[in-house]
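# Chain and residue survey
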Amino acid sequence: MAGLRGTAFGEELARRPGHDARGGTIIKWLAIGLSLAFLAALLFAPLAVVFAQALEKGLGTYLASLTQEDAVAAIRLTLITAAIVVPLNTLFGLSAAWAIAKFEFRGKSILITLIDLPFAVSPVISGLVYVLLFGLQGWFGAWLQAHDISIIFALPGIVLATMFVTFPYVARELIPLMQQLGNAEEEAAITLGASGWLTFFRVTLPKVRWGLIYGVILCNARAMGEFGAVSVVSGHIRGLTTTMPLHVEILYNEYDFVGAFAVASLLTLLAVATLIVKSLVEWRGGGRQ
Amino acid sequence: MAPDRARREPRTSAPRARQPSLLPGFGLTVGFTAFFLSAVVLLPLGALVLKALGMHWHAFWAVLLDPRAVASYRLTFGASLCAATINAFFGFIVAWSLVRYEFPGRRLIDALIDLPFALPTAVSGIALTAVLAENGWIGGWLAHYGIKVAYTPLGVVVALTLIGMPFMVRTVQPALGEVERDLEDAAETLGASRFQILRRIILPSVLPAVLTGFTLAFARAIGEYGSVIFISGNLPMHTEITPLLIVVKLEQFEYASAAALGFAMLVISFVMLFAINAVQAWGRRRFVAARR
């Protein structure tokens, strides 16, 4: 990146009015117009329609759909699932990032690829694998039935499928960040006599906290919103094994559009909140790139 | 979310089984990581592979070559390819507008690009359907021209375009930021036309990023389920995607057939992972070569 851009003069030149409009004003507004039209149709219209449909019959109906018994049960199940999955995956992410960023060992790149694997796999397959293991005709199906343990069509299956799908999120954020920050400060702490845990909590954790927060909120958003994998293992038992996205599907298929979009609007707000936190984290941790 | 960040790190030269380090916790963290990874991801995937390979050879191929399955591959791959191509074009323009121009609302739009990452797929699915159905905001307008989107293969393409969009924009954005303006200035001074600058300077430098984004969007689209099943009519042979066919097989308790189809998709996922790595490695080599 040599050249003028690094110098004060280059900065000045880059900010000069009209410089960015290379290709002329027509091309500029054509590009922006095309972008906005594309995003409006694909992104903004669906976003707006969620709230338009949810509030179609007024605020009263909207609130009534959200406080309906099955909806509350779905919200509770979603929260419970996230409360189990997110801490476990956070623990995993911290452990994997420490192992990969702090040490050189054979098979490290294979380990990184394997951690990424759930991103490459269809959500349906993430659910399918657990049905094959724990379903009635699965490997452990007969044994589980004999001992009266249900995993598929119950909370454990939903938790496992969600865990699979959200597995890489925290690790994915932390590994590059910790690799980039290096080991010098940790090595100094250890040399000065700090224990491993003290070093981790007092040196490493404060350094990576913004990346960690970002990974955790992404993991949480996906955990609460996962549809495909959970749909395969849940069995769709109303009020019992339906998470919020599955409840949306059930209501939608019953033509209860207001109800479906009301629950969907909560999930949309969650997504928007996630994006806001993400922007804040990028702003606070701006120097980390 | 860029899935390539860790791989950009330079490889250290052929490590021993483990290089000495001052820091503690190697055994604990590697052990826990390997255990958790095996328990949650590797063993379950292994069960799928075993189940599929345990099938009789003929039964296995009968499932994979069933006309209904073949029709589902055609739709899944065709629609994914269309969606990734649409994204390559519009994603480039969106990235270009966000990187090169200042306009009201730019930061907000930039932040919203990630929405498909954060929005549950079921919500994208019903929202797109509501917009594109014949009584919807856009669907009603298109219906005047005789274009049906919802419940047709076209609807599948739209859903997959939405899902893949952030992959393309977020991969191309940094690459566009790195294009050397000096080169463009020089070319302009030397009398190059705008089209020549685009074709000879900008496109070659962002091509690896566009290809990476294309592969990422394509790979994601192949496995997508939630957003598609609402907008496609889910008609066998016509608008049924492969992941849905797996779910149908499972609901009919045909575990072996579901496993066979799942295995095929798993193999394709591995091929895509390999393709993504290959494209990125190629892009890096080109980048390094260009610097010399």
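Reading the values: rules and limits
- Counting of residues starts from 1 at the beginning of each chain's written sequence and follows it residue by residue.
- For this description, chains carry letters from A and ligands carry numbers from 1, given in the order in which they are written.
- Local features in this predicted model are restricted to residues of pLDDT 70 or higher, and side-chain atom pairs are both shown and tallied only at a pLDDT of 80 or more, whereas totals for entire chains, interfaces and linings draw on every residue.
- We count a stretch as a helix when DSSP gives it H or I for four or more residues in a row; a strand needs E for two or more, and each element gets its number in order from the N terminus.
- Atoms considered for the radius of gyration are the C-alpha atoms alone. The globule rule reads 2.2 Å times the number of residues to the power 0.38.
- Partly exposed residues are those whose C-beta has more than 12 but fewer than 20 other C-beta atoms within 10 Å; 20 or more makes a residue buried and 12 or fewer makes it exposed, with C-beta atoms placed from the backbone.
- Think of it this way: build a C-beta for each residue from its backbone, and any pair within 7 Å is a contact.
- Under the convention adopted here, Pro, Cys and the residues Ala, Val, Leu, Ile, Met, Phe, Trp and Tyr are nonpolar, Asp, Glu, Lys and Arg are charged, and Gly plus all remaining residues are polar.
- As used throughout, a nonpolar core is a set of buried Ala, Val, Leu, Ile, Met, Phe, Trp, Tyr and Cys residues joined through C-beta atoms within 7 Å of each other.
- With axes taken as lines fitted to C-alpha atoms, and helix axes fitted only over the stretch in contact, angles between N-to-C directions fall between 0 and 180 degrees.
- Convention used here: angles under 35 degrees read as roughly parallel, angles over 145 as roughly antiparallel, angles from 65 to 115 as roughly perpendicular, and any remaining angle as oblique.
- Take the far helix as your reference; a near helix turned counterclockwise from it by less than a right angle gives a left-handed crossing, and one turned clockwise gives a right-handed crossing.
- Each domain's extent was defined by an automatic or database domain assignment.
- Residue-level confidence of the predictor is summarised by pLDDT, bounded by 0 at the bottom and 100 at the top.
- The length a helix should cover is 1.5 Å for every residue beyond the first.
- Bending is quantified residue by residue as the angle between axes fitted to the seven-residue window ending at that residue and the seven-residue window starting at it.

A separate point is the overall build of chain A. Of regular secondary structure, chain A possesses 14 helices and zero strands. Secondary structure elements in chain A, listed N-terminal to C-terminal, are α-α-α-α-α-α-α-α-α-α-α-α-α-α. Over its C-alpha atoms chain A spans a radius of gyration of 24 Å, topping by over 25% the 19 Å that the globule rule assigns to 289 residues. By principal-axis analysis of the C-alpha atoms, chain A measures approximately 70 × 60 × 30 Å. Residues classed as buried in chain A amount to 46% of the 289 residues present. Sequence-distant contacts in chain A: of pairs separated by 6 or more residues, those separated by 24 or more amount to 73%.

On to the overall build of chain B. For chain B, the helix and strand inventory stands at 13 helices and zero strands. Listing the helices and strands of chain B from first to last along the sequence gives α-α-α-α-α-α-α-α-α-α-α-α-α. If one aligns the C-alpha atoms of chain B with their principal axes, the spans along those axes are about 70 × 70 × 35 Å.

Let's shift gears to the interface of chain B and chain A. Across the boundary between the two partners, chain B contributes 83 residues, which contact 85 residues of chain A. It is helix 1 (residues 26–53) of chain B that contributes the most residues to the side of chain B that touches chain A, 15 residues altogether. Residue composition of the side of chain B that touches chain A, by class: 57 nonpolar, 14 polar and 12 charged.

We now examine the nonpolar core. Counting residues in hydrophobic clusters, the biggest one holds 163 residues, and the most contacted among them are Leu128(A) and Val263(A). No other element matches the 14 residues that helix 4 (residues 69–102) of chain A contributes to this core. Among all residues touching Leu128(A), those that are not within four sequence positions of it are Val232(A), Leu48(B), Ile246(B), Leu250(B), Ala258(B) and Gly262(B).

Here we take up the packing of helix 6 (residues 123–134) of chain A against helix 8 (residues 155–166) of chain A. Residues and elements named next belong to chain A. Two numbers describe how helix 6 lies on helix 8: the axes approach to 9 Å, and their chain directions differ by 135°. With respect to their mutual orientation, helix 6 and helix 8 come out oblique. With respect to the hand of their crossing, helix 6 and helix 8 are arranged in right-handed fashion. Where helix 6 approaches helix 8, its residues Pro-123, Ser-126, Gly-127, Tyr-130 and Phe-134 are matched on the opposing element by Gly-157, Leu-160, Ala-161, Phe-164 and Val-165. Broken down by class, the residue content of the contact of helix 6 with helix 8 amounts to seven nonpolar, three polar and no charged.

Glancing now at the domain arrangement of chain A. Structurally, chain A comprises domain 1 (1–54) and domain 2 (59–124 + 157–288). A per-class count over the side of domain 1 of chain A that touches domain 2 of chain A returns four nonpolar, one polar and no charged.

Examined against the element boundaries, Leu63(A) turns out to sit in helix 3 (residues 58–67). With 15 residues separating them in the primary sequence, Leu63(A) and Ala48(A) have C-alpha atoms 18 Å apart.

Any region with low pLDDT has predicted coordinates that should not be read closely. Residues and elements named next belong to chain B. Mean pLDDT over chain B stands at 89; residues scoring 70 or higher make up 93%. Every residue in residues 1–11 is under pLDDT 50, and counting partners more than four places away or in other chains gives 13 contacts. Confidence estimates for the predicted assembly give a pTM of 0.88 and an ipTM of 0.87.

Our focus in this paragraph is helix 8 (residues 153–178) of chain B. Each full turn of the α-helix corresponds to 3.6 residues, which orients residues three or four apart in the same direction. Spanning 26 residues, helix 8 of chain B covers 38 Å between terminal C-alpha atoms, matching the ideal 38 Å at 1.5 Å per step. Along its length, helix 8 of chain B shows its largest kink, about 40°, at Gly164(B), and proline Pro166(B) lies within four residues downstream of that point.

Further remarks concern the confidence of the model for chain A. Counting all residues, the mean pLDDT for chain A is 88, and 90% of those residues have values of 70 or more. In the model, residues 1–22 of chain A has pLDDT below 50 throughout and makes 19 contacts with residues more than four positions away in sequence or in other chains.

All names here are of chain A. Examined against the element boundaries, Leu-205 turns out to sit in helix 11 (residues 196–225). Taking the number of C-beta atoms within 10 Å as the measure of exposure, Leu-205 has 12 and is therefore exposed. Along the sequence, Leu-205 and Ser-65 sit 140 residues apart, while their C-alpha atoms lie 42 Å from each other.

Let's shift gears to unusual backbone geometry. Its identity as a non-glycine residue notwithstanding, Phe153(A) has a phi of 65°, on the positive side. By the secondary structure assignment, Phe153(A) is in the loop between helix 7 (141–146) and helix 8. Phe153(A) sits in the partly exposed class, given 19 other C-beta atoms within 10 Å. Even without glycine at this site, Met237(B) takes up a positive phi of about 75°.

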